[in-house]
Structure formats: C-alpha cells, structure tokens
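Residue-level listing of the chains:
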Amino acid sequence: MSDLIAAYLFCAGAGSGAAFLAAVFECLVRVGAFRRARFAGRRQVVSMRAVVLSVYGAALVLLAFGMLCLVFDLGRPDLALKLFLRPSLTLSTFGAFALAVLALALMVLVALRLGRENQGAIRRRIDGLSRAVVIVASAAVMAYAGLLLGQADGMPLFETPWLAVLFVASALASGLAVVMLAVAVAGNGHVEAVRYLKRRLTVRLDVALIVLEAVAAGLYLAAIALGPAGTVALAPLLTGAQGGLFVGGFGLGGLTVPLVLDLLQWRRPLPGWAYGLAAVATLLGALALRFALVQAAGPLLSWAPVA
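Cut-offs used in this document
- Residues numbered from 1 in each chain as written.
- Predicted model: local features only at pLDDT ≥ 70, side-chain atom pairs only at ≥ 80, totals over all residues.
- Heavy atoms only, no water.
- Core = buried A, V, L, I, M, F, W, Y, C linked by side-chain atoms within 4.5 Å.
- Buried < 20%, exposed > 50% of the residue type's maximum accessible area, 1.4 Å probe, protein only.
- Helix = DSSP H or I, 4+ residues; strand = E, 2+ residues; numbered from the N terminus.
- Contact = heavy atoms within 4.5 Å.
- Axes fitted to C-alpha atoms, helices over the stretch in contact; angles between N-to-C directions.
- Parallel < 35°, antiparallel > 145°, perpendicular 65-115°, else oblique.
- Left-handed = near helix turned anticlockwise from the far one by under 90°.
- Nonpolar A, V, L, I, M, F, W, Y, C, P; charged D, E, K, R; others polar.
- Salt bridge = Lys/Arg side-chain N within 4 Å of Asp/Glu carboxyl O.
- Phe/Tyr/Trp six-rings, centres within 6.5 Å; stacked < 30°, edge-to-face > 60°.
- Lys NZ or Arg CZ within 6 Å of the ring centre and 35° of its normal.
- Patch = residues over 30% accessible without salt bridge, like charges linked within 9 Å, V, L, I, M, F, W, Y side chains within 5 Å.
- Areas by Shrake-Rupley, 256 points an atom, 1.4 Å probe, with all protein chains shown as cover.
- Expected span 1.5 Å × (residues − 1).
- Bend = angle between axes of the 7 residues up to and from the residue.

**Let's talk about the nonpolar core**
Thinking step 1. In terms of nonpolar packing, the biggest core is built from 87 residues, with Leu106, Tyr220 and Leu237 touching the most fellow members.
Thinking step 2. Secondary-structure elements contributing two or more residues to this core are helix H1 (3-30), helix H3 (42-74), helix H5 (91-114), helix H6 (121-150), helix H7 (162-186), helix H8 (192-225), helix H10 (243-267) and helix H11 (272-297).
Thinking step 3. Contacts of leucine 106, omitting those with residues within four sequence positions, involve Ala19, Tyr56, Ala59, Leu60, Leu63 and Val134.

**Some points on the packing of H7 against H11**
Thinking step 1. Here H7 crosses H11 at 150 degrees, and the two axes come no closer than 8 Å. As judged from the angle between their axes, H7 and H11 are roughly antiparallel. As H7 packs across H11, the resulting crossing turns out to be left-handed.
Thinking step 2. Tallied by class, the residues present in the contact of H7 with H11 amount to 18 nonpolar, 4 polar and 1 charged.

**Observations concerning the environment of cysteine 69**
Thinking step 1. Looking at the secondary structure, you find cysteine 69 in helix H3.
Thinking step 2. With 63 residues separating them in the primary sequence, cysteine 69 and alanine 6 have C-alpha atoms 9.0 Å apart.
Thinking step 3. Excluding anything up to four places from it in sequence, cysteine 69 contacts Leu4, Ala7 and Tyr8.

**Thoughts on the pattern of salt bridges**
Thinking step 1. By the definition in use, this model includes 5 salt bridges.
Thinking step 2. When the shortest N-O distance is used, the salt bridge between arginine 113 and aspartate 127 registers 2.7 Å. Of this pair, arginine 113 sits in helix H5 while aspartate 127 is found in helix H6, placing the two residues 14 residues apart along the sequence.
Thinking step 3. By relative accessible area, which is 7% here, arginine 113 ends up buried.
Thinking step 4. Look at aspartate 127 and you get buried, because its relative accessible area is 1%.

**Description of the packing of aromatic side chains**
Thinking step 1. This structure, assessed with the given rule, holds 1 aromatic pair.
Thinking step 2. The interplanar angle of 45 degrees and the centroid separation of 5.5 Å between the aromatic rings of phenylalanine 246 and phenylalanine 250 together place this pair among those described as tilted. Taken together, the residues phenylalanine 246 and phenylalanine 250, both in helix H10 and 4 residues apart, mark about one turn of the helix.
Thinking step 3. Directly above the aromatic system of phenylalanine 167 lies the positively charged group of arginine 290, at a separation of 5.0 Å from the ring centroid.

**A few points about a nonpolar patch on the surface**
Thinking step 1. A surface patch of nonpolar side chains, amounting to about 380 Å² of accessible area, comprises Trp162, Val165, Val211, Val215 and Leu219.
Thinking step 2. Ranked by residue count, the leading element in the nonpolar patch is H8, at 3 residues.
Thinking step 3. Note that valine 215 resides in helix H8.

**Describing H6**
Thinking step 1. In this model H6 runs 44 Å from its N-terminal to its C-terminal C-alpha over 30 residues, within 8% of the 44 Å that 1.5 Å per residue would give.
Thinking step 2. The sharpest bend along H6 comes to roughly 30 degrees, located at tyrosine 144.

**Quick notes on the side chain of glutamine 265**
Thinking step 1. By the secondary structure assignment, glutamine 265 is in helix H10.
Thinking step 2. Glutamine 265 gets classed as buried once you look at its relative accessible area, which sits at 12%.
Thinking step 3. Leaving out residues up to four positions away in the same chain, glutamine 265 has contacts with Val203, Leu270, Ala274, Tyr275 and Ala278.

**A short note on the environment of alanine 286**
Thinking step 1. On the secondary structure map, alanine 286 appears in helix H11.
Thinking step 2. Separated by 273 residues in sequence, alanine 286 and glycine 13 have C-alpha atoms that sit 8.8 Å apart.
Thinking step 3. Excluding residues that lie within four positions of it along the chain, alanine 286 makes contacts with Phe10, Ser170 and Ser174.

**A word on the environment of valine 185**
Thinking step 1. Its place among the elements puts valine 185 in helix H7.
Thinking step 2. Once the C-alpha coordinates of valine 185 and valine 51 are considered, the two residues, 134 residues apart in sequence, prove to be 8.3 Å apart.

**Quick look at H1**
Thinking step 1. The terminal C-alpha atoms of H1, which comprises 28 residues, lie 41 Å apart, in line with the 40 Å expected from a rise of 1.5 Å per residue.
Thinking step 2. Within H1, 20 of the 28 residues are buried, which leaves the element mostly enclosed by the surrounding structure.
Thinking step 3. Glycine 32 sits one or two positions beyond H1 and adopts a positive phi of about 80 degrees.

Shape is all these values report; function is a separate question.
Below you can see the structure in the form of structure tokens.
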C-alpha cells in the first residue's frame, strides 16, 4: 500500500465527515431543532450561508483530491473507469459509486448556495433531496474505507471490524474540524449564530467526538492484541517505525491536544487561535492515523500464525 492510499483515506474521511455534519445541521435548523431566533434574520442567514457553503466546498475539494489519489495509485485511469462502465457487486464498486454520488450532490448544494438567496419551490425540493443524498452517501463513504481495508488478506492490523468503527469516528472528528475551520474563516464573529457555533455547539460536539474516537481506538487496539497475531501485530504501530505517527501524531497531537483545548474553551473563552488550533490538530492527527496504519501494515503482509 502506498502513501497515496493513506492520503485518499484522509481526504475521503474528512470530506465525507464534513459533508455529513453540515447536511445534518442544515436539516436540524430547518426543522426547528435549535432556537429559531438564533438563526433568524438576514445577518444570521447570510453568515450561516457562507459557513455552510465553505464546508460543502471544502468537502468537495477533499473528495476530488482523494479520488485523484486513488487514480494515481492505480496507475491506469481506465481501471477506475471500468468500475462505472462495467460495475459488479463488489465493495470497491460500491465505494466508487458512493464517492461519485456524494461529489455530484455536493456540486448541486454548492451551486444552489452560489445562486439567489430566495429559492423557488422546485429549488427548495432539489436542495432538500440533495442534502438527503449527501447524508446517506457520506455515511457510506465513511464506513467504506475501514470495510475495504478489512478485506485485505494477511494483514492482522486490518482484520477486525473495529477498524471501520475507528475510521467512522475519525471521519466525524476530522469532518467537524473542517466545519470549525469554516466557522473561523468564513463566519462573522459578530453574528449570534456564528458565536453559538464557535463557543458552544462545535466545541461540545468536538469533545464528544474526540472521546468517541479515543474509545474506538482503544477497542481497536484491544481487538488486535487479543487476535491471532497478538501484541506482535501492534509492535510496528506502537513501538516500531510508525510509533511516532500513531502515538505522537494521533494519540497526543490528534486526541489529547484538541481535547484539552476544547475543555478549556468550554469553561471560559480563549484567544481565537485556540479554536483553529484544535481543528488543525484534529486534522493532523487523522492524517497521522491513516499513514501510520498503512505503513505499519507493510511488514505484516507475510505474517502467518506459528503452530
């Protein structure tokens, strides 16, 4: 497995996670799950429109870059086209179509938000349908990566369903990091809706998702340690060449740093850079996790249990 696969796993995870959270958030706002006054008024609507547009745009760019990584890793674009021209009932085909559908739905959402603010009935229906498609397709993409790696033979690090759980949790956490960066860059800090997102909703949700990711990582490591290969399979990941990436980059940088910053922000306001730093740390940790797993699996390709 190459670094291009690790890059794809990161881009697909962060992009699909961001798209999923933004689409779910928009649906919740529209059904009145939050106090309406907080998101009512022209200033609120314009600012939230800019934030959501930024999230959808960033998700689309991440997915496009991830798909390019897959094509370059194959070395032959015609092989990628065959997945669409001659589809078969395989996990790879499912993932390819999920990526394509998600990208197309995001294009529609971006185009609608670049257009006029006042949408007609037909455009509102298209918008609602596109958000529903994004939610379903992004959930499929988040789960697809872990399930695909689980099909690899002779790789003890991938032979557990907890890998898919870890990848979904990491995708949601890194997706929220993309949302947080969009709030910090595109949001108007003087608008109540943006302040609510920045000081309360995203920080509290980030704490929950980081804890979920840490629990999933612990269960994943326990499953590998209790598996046929035992703790030997974890050596490259914890104490070997990839230990710095997994323990330092993911464990400390991607989990501990953003969790501490979030907990501090939960208690009292911090300088603006702390909010962005937490998001960047989460993204770097997600990247380190995927590179560490892909690189650590290489030496175990020929592993076989000794009688």
